[in-house]
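Each chain, letter by letter, is given below.
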Amino acid sequence: MLTRLGDIDRMFRTINLLRNSIDGFLPDFDRSSPWTAGWPGEAGTPKTNIYDLGGKFEVRAEVPGFSKEDLSVKVQGNYLELSGSRTSEIPEGYSVHRIERNTMSFTRSFTLPAEIDADRVEAALQNGILRLSLAKSAAAVPRQIAIG
Amino acid sequence: MSETTAVMKKEDTPLKPTLQLRSVAPEVDILENEDEILLYADLPGVTREDLTINIDNGKLTLTGIRKLKAEGAAVWEELGDVEYHRVFSVPQSIDTANISAELRDGVLRLHLAKSVGAKPKKIEIKTA
């Protein structure tokens, strides 16, 4: 009987061990994107995280090889749209051995859980990660109510 | 009549984190011309300090760690902290002393120059 937390933990560790050894059998191309594995429809769209920090949303999106000019961000109400296109970088005179990276052009939209203030959106691009900071509109910001 | 009870001592070791960093193979493009082999790898979020490239005994190993340093409650999550890891076999014709790498916008460009002896040469035919 698994009664203690330690037992459960040990069980999970065994499962992880098993998973790692299964990963070892699989060829590399199966492991390139664990999050979207088995979701071919999502290939070519950047993986995105959204965090809620109370007063604002933070967005992180994986956009390797995109420059500032290649990307566009649109915001309206609680709607966020990311789009971009990356051109192929294959220089002249090279023969190709292997092409795995997408020459992708994507559009991805999100409905955020709250309205955002379009004037207070900050975007930065660093090491192939797009970071957005989207301040919520005044009505959507949680407020502390003093008990009288 | 004596009663024996099996006593099994439980070891109370502190819990260790179960999940290590997920190891992921980065997507690469490999191109070649007469002078060099050119490798592109997508490593979004990896900084120069967290990327190591080793070449040893004909094996080129790329290892990069990405830490997102996220805060707040995740509303939607598709990417996490990962370890990018991939090993390539490098032909002997590569001059290992002459490899250059640059990392920009999350893309690694690795130039592996061929050694002089491996470059194609045109043979002149002498007329008798």
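Everything discussed here concerns the structure shown above.
Residues numbered from 1 in each chain as written. Chains lettered and ligands numbered in written order. Predicted model: local features only at pLDDT ≥ 70, side-chain atom pairs only at ≥ 80, totals over all residues. Heavy atoms only, no water.

**Student:** Quick question: what am I supposed to make of the nonpolar core here?
**Tutor:** Side chains that are nonpolar tend, in soluble globular proteins, to be buried together. Among the nonpolar cores identified, the biggest contains 19 residues, and Leu39, Ala41, Leu43, Leu62 and Phe88 of chain B are the most heavily contacted of them. Those elements giving two or more residues to this core turn out to be strand E2 (28-32), strand E3 (36-42), strand E5 (59-66), strand E7 (82-89) and strand E9 (107-114) of chain B. If we skip the residues at most four places from it in the chain, Leu43 of chain B touches Asn127 of chain A together with Pro26, Leu51, Tyr84, Gly106 and Leu108 of chain B. Core analysis: the second largest hydrophobic core is formed by 18 residues, Ile50, Ala61, Met104 and Leu112 of chain A among them. (Core = buried A, V, L, I, M, F, W, Y, C linked by side-chain atoms within 4.5 Å. Buried < 20%, exposed > 50% of the residue type's maximum accessible area, 1.4 Å probe, protein only. Helix = DSSP H or I, 4+ residues; strand = E, 2+ residues; numbered from the N terminus. Contact = heavy atoms within 4.5 Å.)

**Student:** Help me out: how do you make sense of the side chain of Lys136 of chain A in this one?
**Tutor:** With respect to the element layout, Lys136 of chain A can be found in strand E8 (residues 129-136). If sequence neighbours within four positions are ignored, Lys136 of chain A has contacts with Asp52, Gly54, Gly55, Lys56, Phe57, Ala114, Glu115, Ile116, Asp117, Arg120 and Val141 of chain A.

**Student:** Quick question: what am I supposed to make of the interface of chain B and chain A here?
**Tutor:** Interface extent is often summarised as the accessible area lost during association of the parts. The interface of chain B with chain A comprises 51 residues on the first partner and 56 residues on the second. A combined buried area of about 4,600 Å² lies between chain B and chain A, and 50% of that area is made up of carbon and sulfur atoms. Arg86 of chain B is the salt-bridge partner of Glu100 of chain A, the closest N and O atoms lying 2.9 Å from each other. There are 21 residue pairs in polar contact (both at pLDDT 80 or more) connecting chain B and chain A. For the side of chain B that touches chain A, a count of residues per class yields 24 nonpolar, 10 polar and 17 charged. As defined by bridge partners, strand E1 (residues 48-52) of chain A adjoins strand E6 (residues 73-76) of chain B across 3 bridges and the pair is classed as antiparallel. Counterpart to Tyr51 of chain A in the pairing with E6 of chain B is Ala74 of chain B. (Buried area = accessible area lost by both parts, 1.4 Å probe. Salt bridge = Lys/Arg side-chain N within 4 Å of Asp/Glu carboxyl O. Polar contact = N/O pair within 3.5 Å; in protein donor to acceptor, adjacent residues only side chain to side chain. Nonpolar A, V, L, I, M, F, W, Y, C, P; charged D, E, K, R; others polar. Pairing = 2+ DSSP bridges.)

**Student:** Explain the pattern of salt bridges here, please?
**Tutor:** Note on pairing: side chains with opposite charge can pair once their charged atoms come close. A full pass over the atoms with the stated rule returns 18 salt bridges over all chains. Among the salt bridges present, the one from Asp52 of chain A reaches Lys136 of chain A, with a minimum N-O distance of 2.9 Å. With Asp52 of chain A in strand E1 and Lys136 of chain A in strand E8, this pair connects stretches of sequence that are 84 residues apart. For Asp52 of chain A, a relative accessible area of 23% gives the class partly exposed. The closest approach of N and O atoms between Asp42 of chain B and Arg86 of chain A, which form a salt bridge, is 3.4 Å. Of this pair, Asp42 of chain B sits in strand E3 while Arg86 of chain A sits in the loop between strand E4 (79-85) and strand E5 (95-99), each in a different chain. Residue Asp42 of chain B shares its accessibility class with Arg86 of chain A, and that shared class is buried.

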